Amino acid sequence: MIKRWFSSTSRILKPFKIAIVGSGPGGFYTAHHLTNKSPKDLQLNIDFFEKLPTPFGLSRYGVAPDHPEVKNCEEYLIDLMEDKKAHIRFIGNCEIGKDLTLKQLEQNYNSIILAYGCTSNDNKLNIPGSNLKNIISARKFVNWYNGHPEYYEKGKKFIPPPLDKIKTVTIIGNGNVALDVARVLLGSEEHWKGTDISVEAEELLEKSTVEHVRIVARRGIMESAFTNKEIRELFELDNVKFIPLEKGILESVDKSKLGRVDKRRISIIERYNNSTKEGKKSWTLEYLKSPVEFIGDEMVSATTFVVNKPLNDPLKPGKVVSTDQYITEENELVIESIGYQGTPINGFEEIGIWFDNNKLHNKDGRLLSLNSKDKDDHNAIFKKGWYTSGWIKNGPKGVIATTMMDSFDTADKVLEDIANDRFIKVDQEKDIIPKNSITWDNWKTLDNYELNKGKELGKTRYKVCDKQEMLKLVNK
Ligand code: FAD
Ligand code: NAP
């Protein structure tokens, strides 16, 4: 049974105030579970703080435009916001650490959940030649084709790679982000027409001269980071030819030892490896190659790789070692798709929050104080009232379904703590919401505008990419 709580000064029964930083899947699944699982006599007032004027995080700015069904997860937030009985506010265009401080949250909320994602930076290769032109991160490319406002800011606009002047692209890494990027480069004009891809990206892709995409991984076929559905989708792209794997790659697999998912993966690859499908564009899956140098004058013109071989040590499964063999392959664009990175929020030190190794120091979603170095230590000191969900809880890995289950766990911890009187006691009644923030009604205005203009243009949605234009459209 959840205890009711009274402010020490007013003795008036209070609703619990919860702040959620970030309105992506990590944030909205936590809120959904909180409202669903909380006892009837407990009133939760939830405020979502979102730095962008738009909600949904990577569902809007990461998920590929040809995967509209994945974006159905947004219904979870929409249902919450439109439930008249729920006390939930969306506070967009409000960056925590800049427009409001963490201290202000602590002074005004009983529980604070940091779900701000892990998308502010990239893992980097840092090999010779990394500064050449036409070497970009997948994160930047994805943000650009998905219309992320930080990539369309006047004066700081991201300049896309010259897809209308290049023929061969190397993608480093073979996770699902790499496959999204490959689909964008290989898919036809018709494939992207009608999606919510940014108009600028659609126009440049129409003029694209890209002929060949190489997806290169440092480890072997069994260590491929992509999932089966996503690789099949790439094989099935219209008018695109898969160039068979190098000899020895498939032959090295001992199928008798594979589990169900791996067996399926190998059978998909085998099937398409033997296909005679022709196409205007082509692609390859390459294994056991680590990039060691980018070559070129001003622009990248080739990449040198060291060839790796499996270590074959049962104690270190999947590990590879370099050989003394090198190969150089021509390319006019390199897209590094080797993982995202998060960053701390301004003010962590003052509050005593510990950001380390791409995630917040936490135990099952409860933040640990700076002093508790070992999260498995039973005496670990929790930062009362502070929690984390989504990618910033565990690092930049996991599909939306994993993020959802994990966010439910965090929500359970919040409710358990409220029931046990472990929350921040707040006396302050100040409303700290900045004047120029975006409300849910503002977002609905923008949403309707995008959907209507999309209809005119034959797209599922026309994304407004410029933040100033967004603010103008909602009279801010
Ligand atoms: P995010 O979705 O990144 O949300 C974090 C939110 O916090 C953002 O809205 C951000 O603007 C906001 N924020 C950041 N800093 C602040 C701050 N200081 N103050 C306020 N707000 C802040 N999974 C699938 O299942 N299917 C897919 O097809 C799929 N495609 C993907 C494609 C890409 C390119 C990527 C990178 C991931 C993809 N995923 C996919 C994984 C999925 O997107 C993640 O599991 C999920 O979005 C993580 O949710 P999150 O809320 O932790 O982070
Ligand atoms: P990822 O799945 O972790 O893949 C990263 C890739 O980069 C791996 O191939 C990795 O190889 C490689 N890599 C890392 N460091 C490297 C280095 N120094 N040199 C060479 N290669 C290196 O990450 P992601 O593709 O960014 O995806 C993030 C998450 O989002 C994943 O969980 C993914 O499933 C999810 N997502 C899902 C979808 C979808 O469901 N459609 C779409 C996009 C993203 P090693 O394995 O050798 O480290």
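Predicted model, so just to flag it, every value in this text is computed and none were measured. (Residues numbered from 1 in each chain as written. Chains lettered and ligands numbered in written order. Predicted model: local features only at pLDDT ≥ 70, side-chain atom pairs only at ≥ 80, totals over all residues. Heavy atoms only, no water.)

Asks: Residues and numbers for the site of ligand 1, please.
Replies: In the vicinity of ligand 1 there are 35 residues, among which Gly26, Glu50, Trp391, Gly398 and Ile400 approach most closely. Glutamate 50 places a side-chain nitrogen or oxygen 2.6 Å from an oxygen atom of ligand 1. At 2.8 Å, a backbone N or O of leucine 58 approaches an oxygen atom of ligand 1. Contact with the protein chains removes 91% of the 1,000 Å² of surface that ligand 1 exposes when unbound. Looking at the shell around ligand 1, the elements with two or more residues in it are α1 (25–37), α6 (176–186) and α13 (400–419). It is α1 that provides the largest number of residues to the shell around ligand 1, a total of 3 residues. Class assignment for the residues of the shell around ligand 1 results in 18 nonpolar, 13 polar and 4 charged. (Near = heavy atom within 4 Å. Polar contact = N/O pair within 3.5 Å; in protein donor to acceptor, adjacent residues only side chain to side chain. Areas by Shrake-Rupley, 256 points an atom, 1.4 Å probe, with all protein chains shown as cover. Helix = DSSP H or I, 4+ residues; strand = E, 2+ residues; numbered from the N terminus. Nonpolar A, V, L, I, M, F, W, Y, C, P; charged D, E, K, R; others polar.)

Asks: I'd love a proper account of the site of ligand 2, names of residues and values included.
Replies: Near ligand 2 lie 19 residues; those nearest to it are Asn176, Arg218, Arg219, Glu230 and Gly398. At 3.2 Å from an oxygen atom of ligand 2 is found a main-chain nitrogen or oxygen belonging to valine 177. When ligand 2 is considered free in solution it has 920 Å² of accessible area, and contact with the protein chains removes 79% of it. Top contributing element to the shell around ligand 2 by residue count: α6, with 3 residues. Split by residue class, the shell around ligand 2 holds 7 nonpolar, 7 polar and 5 charged. Among the domains, domain 1 (2–119 + 342–438) and domain 2 (121–340) are the pair contributing at least three residues each to the shell around ligand 2. (Domains from an automatic or database assignment.)

Asks: Can you tell me about the UniProt feature "domain: FAD/NAD(P)-binding" (unreviewed entry) in the protein, naming the residues and giving the values?
Replies: Sequence positions flagged by UniProt for "domain: FAD/NAD(P)-binding" (unreviewed entry) are, in local numbering, residues 16–234. What you have in residues 16–234 is 32% helix and 16% strand, and the ends, taken at the C-alpha atoms, are 48 Å apart. (UniProt positions renumbered as here; feature names shortened; annotations may be inferred.)

Asks: Go over the pattern of salt bridges, please, and point to the residues and values.
Replies: Going through the model one piece at a time under the given rule, you end up with 35 salt bridges. Arginine 139 is paired through a salt bridge with aspartate 122; the nearest N and O atoms lie 2.6 Å apart. Pair noted here: arginine 139 is in helix α5 (residues 138–145) and aspartate 122 is in strand β5 (residues 121–122), with a separation of 17 residues, a long-range link. As far as the burial class goes, arginine 139 and aspartate 122 line up, both buried. A salt bridge links arginine 183 to glutamate 233, with the nearest nitrogen and oxygen atoms 3.6 Å apart. A residue pair is termed long-range when its members are at least 10 positions apart, and arginine 183 in helix α6 and glutamate 233 in helix α9 (residues 228–235) qualify at 50 residues. (Salt bridge = Lys/Arg side-chain N within 4 Å of Asp/Glu carboxyl O. Buried < 20%, exposed > 50% of the residue type's maximum accessible area, 1.4 Å probe, protein only.)

Asks: Would you mind going over the domain arrangement of the protein in detail, with residue names and values included?
Replies: Often, the extent of an interface is quoted as the loss of accessible area on bringing the components together. Partitioning the protein into structural domains gives domain 1 (2–119 + 342–438) and domain 2 (121–340). For domain 1 and domain 2, the distance between their C-alpha centres works out to 34 Å. Contact residues are listed per partner, giving 17 residues for domain 1 and 22 residues for domain 2. Here domain 1 and domain 2 share an interface that buries about 1,500 Å² over both sides, 51% of which is from carbon and sulfur atoms. Per-residue buried area on domain 1 facing domain 2 is highest for Tyr61, Pro65 and Asp66; these three make up 40% of the total on that side. For the pair domain 1 and domain 2, the interface holds 3 salt bridges. The partner of lysine 71 in a salt bridge is aspartate 196, and the shortest N-O contact between them spans 3.7 Å. Scanning the region where domain 1 abuts domain 2 turns up 9 residue pairs in polar contact (both at pLDDT 80 or more). Broken down by class, the residue content of the side of domain 1 that touches domain 2 amounts to 8 nonpolar, 4 polar and 5 charged. (Contact = heavy atoms within 4.5 Å. Buried area = accessible area lost by both parts, 1.4 Å probe.)

Asks: Talk me through the sheet that holds strand β10 (residues 281–286); I want residue IDs and the actual numbers.
Replies: Taking strand neighbours across the sheet as the criterion, the 6 strands line up as β6-β14-β7-β8-β10-β9 in an open arrangement whose pairing is parallel. Either end of the sheet is taken by a strand with one partner, and the two such strands are β6 (135–137) and β9 (240–242). Between one strand axis and the next, the sheet turns through 20° on average, direction left out of account. As paired elements, strand β8 (residues 212–216) and β10 share 5 bridges and run parallel to each other. Bridged to valine 213 within β10 is tryptophan 283. Against the sheet, α5 engages β6 and β14 (333–336), with an angle of about 75° to β6. (Pairing = 2+ DSSP bridges. Axes fitted to C-alpha atoms, helices over the stretch in contact; angles between N-to-C directions.)

Asks: How would you summarise helix α10 (residues 260–273) if you had to cite specific residues and measurements?
Replies: Counted at 1.5 Å a residue, the expected span for α10 with its 14 residues is 20 Å, and the 20 Å between its end C-alpha atoms agrees. Looking at the packing, one finds that the buried side of α10 touches α9 and β9. (Expected span 1.5 Å × (residues − 1).)

Asks: Explain the confidence of the model for the protein to me, using residue names and the numbers behind them.
Replies: With 95% of its residues at a pLDDT of at least 70, the protein reaches an overall mean of 94. The low-confidence segment residues 8–12 (pLDDT under 50) makes 6 contacts with residues lying over four places distant or belonging to another chain. (pLDDT = per-residue confidence, 0-100.)

Asks: Describe the sheet that holds strand β19 (residues 366–368), and please don't skip the residues or the numbers.
Replies: Taking strand neighbours across the sheet as the criterion, the 7 strands line up as β3-β2-β1-β4-β20-β19-β18 in an open arrangement whose pairing is mixed. Of all the strands in the sheet, the pair left with one neighbour each is β3 (87–91) and β18 (362–363). Examined bridge by bridge, β19 and strand β20 (residues 382–388) share 2 bridges and lie antiparallel to one another. Across the sheet, residue leucine 368 finds its bridge partner in β20, namely phenylalanine 382. Together, β1 (16–21), β2 (44–49), β3 and β4 (111–114) form the strand contacts of α1, whose direction differs from that of β2 by roughly 175°. α13 rests against β1, β2, β4, β19 and β20 of the sheet, and its axis sits at about 150° to β20.

Asks: Could you give me a rundown of the side chain of aspartate 180, with the residues and numbers involved?
Replies: Tracing the chain through its elements places aspartate 180 in helix α6. Sequence-distant contacts of aspartate 180, that is, excluding residues within four places in its chain, are made with Gly62, Ala64, His67 and Tyr145.

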